[in-house]
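# Architecture at a glance
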Amino acid sequence: MRFIDDFFTTEIKIYKYKIPIFDMLFFTIITCLGFYFRVSLFNIKSGDYVKAFADWMRECHQAGGFAYLGIKPGESPASTFDYNCLFQYVIVLLHYIGGSIPDIYLVKSVPVLCDFICAVTIFRIVYHITDGNLTKSMLGYAVMMFLPTVVLNSAAWAQNDSIYTAFVLLSFLHVLKRNDNRAFVYLAFAYSFKQQAIFFVPFIVLMWLKNKIKIRYVFWIPVVHVLAMVPAAIAGRSWGDLLGTYGRQVQMFSRLTMNYPSIYTIVSGDLNGAVRKVLISAGTMATVIIMGILAYYIYKKNFDVTGRYMVTLVVFTAEICCFCLPAMHERYGYIPEVMAVVYGIVNVKRIPVCVALQVITMITYTRYLFGSTVLTLWPLSIAMLVVIIIVGYDLYLQMREPEVTSA
């Protein structure tokens, strides 16, 4: 038995982490099971796959690959692509490496790969915040591998929220490490993949106000965003068309909520376009005002900004954005839901927050994915508001704690 104990406690150095063989065995089993779990869902064809991703793969095949980048979307049936061009490069790459692999497997393989990147980054974040607690770090990895909304988002839905979130998590990790240059580079890639990375920006602004990050590296965001468009511009797309992608996406949706349990679920009945436009504008401005008030309070308050506080702040500010901004989809809470894993692992008393976010979002997911019946969203909105209040109160309490050494 002593031989077995010695064997399992023997440490293997991976990168800068010393991991016992027993923990590596746990890591390997969890990884294999997580992969198998996702592959078992690969044959599910969501509405987004059928109406978008499948068409984009077909259009790319018909265009012959690289030439697909030069077709202006909407001018002809040859391109219906409406994402930013970085994801279009992924589509083109899949065209060339696909061979006989079904398109649905190819499309889902990319976000599934990013699921693993997210899980590893969660491991690294927890490890940093807990000063090297390997057990909690491994638990964070395991929870992330089997988080229901994460698995369904990539493996069933074929959506790509894990792609930009992987970069957001890497950005957060380097904020913790005080490596501002890398933090902004990763944030730039996240934003260039998907506009929803903007929900992480309030945290960045607040960390700048608390002198925890240097804002001068913000130039990476426009630089990477523009450089990412160069291949598409070379292929034939105009710069005006490329730069206007996110603007067109904003105008695509005019409903006050796109199945997200936000404050707008209290508005019942059909509203005419003019009223919706006014409410959308007002709701956006109200969100900016709320963030401004929060920024003022945090800036004026003297407290130690710990790693645990940073995690709480990301969950709180990102959820506020999703709850208060109009036209939010059910998937837009991806960042706070993932960060809530760290929030719960670091402070076990907050695990119910992570669970509550999963339950709320799972209900909205299944309404779309599997056609389950949800008569109204307003009860979920109340539940979401309660979660936000709990996280906000925790944030307030952390700002009242005696100063301790930053994590």
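Everything below is about the structure shown above.
The sections below set out a description of the structure shown in this document. (Residues numbered from 1 in each chain as written. Predicted model: local features only at pLDDT ≥ 70, side-chain atom pairs only at ≥ 80, totals over all residues. Heavy atoms only, no water.)

### Details of the pairing of strand β2 (residues 17-20)
Quick reminder of the rule: In this analysis, strands are considered paired if DSSP registers two or more bridges between them. The helix and strand labels rest on DSSP assignments: H or I over at least four residues marks a helix, E over at least two residues marks a strand, and numbering proceeds from the N terminus.
Pairing of strand β1 (residues 11-14) with β2, which is carried by four bridges, proceeds in the antiparallel orientation. Counted as the bridge partner of I14 is Y17 from β2. Linking β1 to β2, which pair antiparallel, is a turn of two residues; within it Y15 sits at a positive phi near 60°.

### Examining helix α3 (residues 47-63)
The following threshold applies: The span one expects for a helix is its residue count, reduced by one, times 1.5 Å. When a residue's accessible area, from a 1.4 Å probe over protein chains only, is under 20% of the maximum for its type it is buried; when over 50% it is exposed; and in between it is partly exposed. The criterion used for residue contact is that any of the two residues' heavy atoms lie within 4.5 Å.
For α3, spanning 17 residues, the distance from its first C-alpha to its last is 24 Å, which sits close to the expected 24 Å at 1.5 Å a residue. All of the buried residues along α3 are Y49, A52, F53, W56, M57, E59 and C60. In this structure, the buried side of α3 is in contact with α4 (85-97) and α5 (103-129). Note on α3: the residue one or two positions beyond its end, G64, has a positive phi of about 90°.

### Here's the deal with the environment of L242
You can see L242 is positioned in helix α13 (residues 239-243). L242 sits in the buried class, given a relative accessible area of 2%. Expressed as a C-alpha distance, the spacing of L242 and Y83, which sit 159 residues apart in the sequence, is 10.0 Å. What L242 contacts, discounting residues up to four positions off in sequence, is N84, C85, M229, A232, A233 and R237.

### Focus: the nonpolar core
Spelled out, the test is: Here, nonpolar core means buried Ala, Val, Leu, Ile, Met, Phe, Trp, Tyr and Cys residues that are tied together by side-chain atoms lying within 4.5 Å of each other.
Core analysis: the largest hydrophobic core is formed by 129 residues, its most contacted members being F87, F172, F203, M207 and Y309. It is α5 that provides the largest number of residues to this core, a total of 14 residues. When near neighbours in sequence (up to four residues on either side) are disregarded, M207 contacts V175, K212, I213, V305, Y309, M310 and L313.

### Things to note about a nonpolar patch on the surface
Just so we agree on the cut-off: Patch rule: a residue counts if its relative accessible area is over 30% and it has no salt bridge; like charges are joined within 9 Å, and nonpolar side chains (Val, Leu, Ile, Met, Phe, Trp, Tyr) within 5 Å. In this description, accessible areas are obtained by the Shrake-Rupley approach with a 1.4 Å probe, and a residue is regarded as covered only by the protein chains that are shown. Whenever a carboxyl oxygen of Asp or Glu lies within 4 Å of a side-chain nitrogen of Lys or Arg, that contact is scored as a salt bridge.
A cluster of nonpolar side chains, namely F66, L93, Y96, I97, F219, V223, V226, L227, V230, I234, W239 and L243, defines an oily patch on the protein surface of about 1,200 Å² accessible area. Residue assignment for the nonpolar patch shows that the elements contributing at least two residues are α4, α11 (220-227), α12 (230-235) and α13. Its location among the elements puts V223 in helix α11.

### Details of the packing of aromatic side chains
Quick note on the threshold: Pairs were defined over the aromatic rings of Phe, Tyr and Trp, the Trp ring being its six-membered one, requiring ring centres within 6.5 Å. Orientation was assigned from the angle between planes: stacked under 30 degrees, edge-to-face over 60, tilted for the rest. Here, a charge over a ring is recorded when the distance from Lys NZ or Arg CZ to the ring centre is within 6 Å and its angle to the ring normal is within 35 degrees.
What the rule picks out here adds up to 22 aromatic pairs. Summarising the aromatic geometry, the rings of F167 and Y186 are spaced 6.4 Å apart at their centres and angled 35° between planes, so their arrangement reads as tilted. Within this pair, whereas F167 is found in helix α8 (residues 161-176), its partner Y186 is found in helix α9 (residues 180-193), the two being separated by 19 residues in sequence. Ring-pair connections join several aromatic residues into one group, and the members of that group are F53, W56, F81, Y83 and F87. Cation over ring: R331 sits above W157, and NZ or CZ is 5.6 Å from the ring centre.

### Comments concerning the side chain of Q249
Here Q249 shows up in helix α14 (residues 245-252). If near-sequence neighbours (up to four positions away) are discounted, Q249 is found in contact with D82, Y83, N84 and Q195.

### Section: the pattern of salt bridges
Evaluation of the coordinates by the stated rule reveals eight salt bridges. Among the ionic pairs, D161 bridges to R331, the shortest N-O distance being 2.9 Å. Here the residue D161 occupies a position in helix α8, and R331 occupies one in the loop between β4 (328-329) and α17 (334-346), the gap between them amounting to 170 residues. Each member of the pair, D161 as well as R331, carries the same accessibility label: buried. With a shortest N-O distance of 3.6 Å, D394 and R350 are connected by a salt bridge. You can see D394 sitting in helix α19 (residues 378-400) and its partner R350 sitting in the loop between α17 and α18 (351-369), a full 44 residues away along the chain. Residue D394 is classed as buried on the basis of its relative accessible area of 4%. One network of salt bridges, with partners in common, ties together D161, K194 and R331.

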